[in-house]
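Each chain, letter by letter, is given below.
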Amino acid sequence: MLHQALLLAGLILASYLLRRHSPRVYDAIILHMTSLWYSTVIDALPEGSKVLDVGMGTGTSLLSCRKEIEEKHLRITGVDFTEVYVQAATAKFKEAGADAFLSCKYGSVYDEELLASLAPRSLFDAVYFSGSIALLPDPAAALRGACKVLKKGGAVYVTQTFQHLSFPGLSVIKPCVKYITTIDFGELVMEKDILRVYASVAEELELVRHEKIEGSVDNALQKAYVSVLRKIR
Ligand SMILES: C[S@@+](CC[C@H](N)C(=O)[O-])C[C@H]1O[C@@H](n2cnc3c(N)ncnc32)[C@H](O)[C@@H]1O
């Protein structure tokens, strides 16, 4: 009985600490992977681009590319649905003296008014989903929503791991990992499923690139990809 009570108390304490420090937990687990993803996309962005980052997270991956962002005169605005990540990102940008060109607002990609308010004078040159598309319940609607605040000829960039193989139970286990780590890794998205999503928005967004990210996740189960979709009308 005492053992069980101690175990329960330990679990409650661990869960409290993980939640309290969730931005740090997030950075410790995700950063090494998504920093490479951000640098891949930032390399591809035209100089002077105004960018919307959907699901920016804590902003740490973005800050790891600060030199390139400043050299290319990029202005990046994020939107994220997890308030503590937005607070962490905002504080980090200010502390780093990067808040003139990096910012993050709390809210959802499905909030059209919010997205429009982020582009009051001119539309975005690019919209970026880094690790966020797999978390969204309706990725096609998110891509269409992003398209409304994107200039004609502008591009949507997606970086994400997509599944090639699965095993029984994985599609149930993956969404549950957030209850242990506080990080939502989203649903299991097979590569063929995301290609179907891209095909469903092809009237507005033409898929011009879909390839593996060199040096990132690449195993029998899943691989990391960068996809680029160009706004055609
Ligand atoms: C795996 S994290 C990726 C964070 C960051 N882009 C990176 O690559 O390091 C996914 C992010 O998407 C955010 N997110 C989930 N649903 C969202 C929504 N509906 N609108 C905006 N952001 C959302 C989560 O809060 C989380 O911060």
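Residues numbered from 1 in each chain as written. Predicted model: local features only at pLDDT ≥ 70, side-chain atom pairs only at ≥ 80, totals over all residues. Heavy atoms only, no water.

Going by what an unreviewed UniProt entry lists, the protein chain is known as Methyltransferase domain-containing protein and is assigned to Tetraparma gracilis.

Asks: Tell me about the overall build of the protein chain, residues and numbers included.
Replies: A tally of regular secondary structure across the protein chain gives 10 helices and 7 strands. Residues counted as buried form 47% of the 233 residues belonging to the protein chain. A separation threshold of at least 6 residues defines the contact pool for the protein chain, and within that pool the share at least 24 residues apart is 77%. (Helix = DSSP H or I, 4+ residues; strand = E, 2+ residues; numbered from the N terminus. Buried < 20%, exposed > 50% of the residue type's maximum accessible area, 1.4 Å probe, protein only. Contact = heavy atoms within 4.5 Å.)

Asks: Got a sec to walk through the side chain of K223? Specific residues and values, please.
Replies: Among the structural elements, K223 can be located in strand β7 (residues 222–231). Engagement of the side chain of K223 in a polar contact is seen with the side chain of D218, the distance being 2.9 Å. If we ignore the near neighbours within four places in the chain, the residues touching K223 are Q160, T161, F162, H164, K212, V217 and D218. (Polar contact = N/O pair within 3.5 Å; in protein donor to acceptor, adjacent residues only side chain to side chain.)

Asks: Tell me about helix α5 (residues 83–95), residues and numbers included.
Replies: The terminal C-alpha atoms of α5 lie 18 Å apart, and with 13 residues this matches the ideal 18 Å at 1.5 Å per residue to within 8%. Where α5 is concerned, the buried positions are Y85, V86, A88, A89 and F93. All buried residues of α5 project into a common sector of 165° when viewed along the axis, lining one side. Opposite the packed face of α5, turned more than 90 degrees from it, sit the exposed residues K94 and E95. Residue G97 follows α5 closely and has a positive phi angle near 65°. (Expected span 1.5 Å × (residues − 1). Arc of directions from axis to C-beta.)

Asks: Could you give me a rundown of the side chain of S49, with the residues and numbers involved?
Replies: Here S49 is to be found in the loop between α2 (22–44) and β1 (50–54). At 2.6 Å, the side chain of S49 forms a polar contact with the backbone oxygen of P46. In this structure S49 touches H73, L74, R75 and D125, once residues within four positions along its chain are discounted.

Asks: Could you give an account of the pairing of strand β5 (residues 150–163), naming the residues involved and the relevant values?
Replies: With 11 of 14 residues buried, β5 is to be regarded as a mostly interior element. With 6 bridges joining them, strand β4 (residues 124–130) and β5 adopt parallel strand pairing. In the sheet register, A126 faces β5, and the bridge partner there is A155. Inspection of the sheet shows β5 paired to β7 by 9 bridges, in the antiparallel sense. Counted as the bridge partner of A155 is R230 from β7. (Pairing = 2+ DSSP bridges.)

Asks: Lay out the packing of aromatic side chains in plain terms, naming residues and giving numbers.
Replies: Inspection of the entire model under this criterion finds 3 aromatic pairs. The interplanar angle of 75° and the centroid separation of 5.0 Å between the aromatic rings of Y38 and Y128 together place this pair among those described as edge-to-face. Of this pair, Y38 sits in helix α2 while Y128 sits in strand β4, placing them 90 residues apart in sequence. In this pair, the class of Y38 matches that of Y128, namely buried. (Phe/Tyr/Trp six-rings, centres within 6.5 Å; stacked < 30°, edge-to-face > 60°.)

Asks: Please set out the nonpolar core residue by residue, giving values where relevant.
Replies: In this structure, L52, V127, F129, L143, V156 and L205 are the most contacted members of the largest nonpolar core, which totals 32 residues. Within the residue set of this core, elements represented by two or more residues are β1, α6 (112–118), β4, α7 (139–148), β5, α10 (191–200) and β7. A total of 5 residues in this core trace back to one element, the largest contributor, which is α7. Within the second largest apolar cluster, 29 residues are counted, among which are C65, F93, I213 and A224. (Core = buried A, V, L, I, M, F, W, Y, C linked by side-chain atoms within 4.5 Å.)

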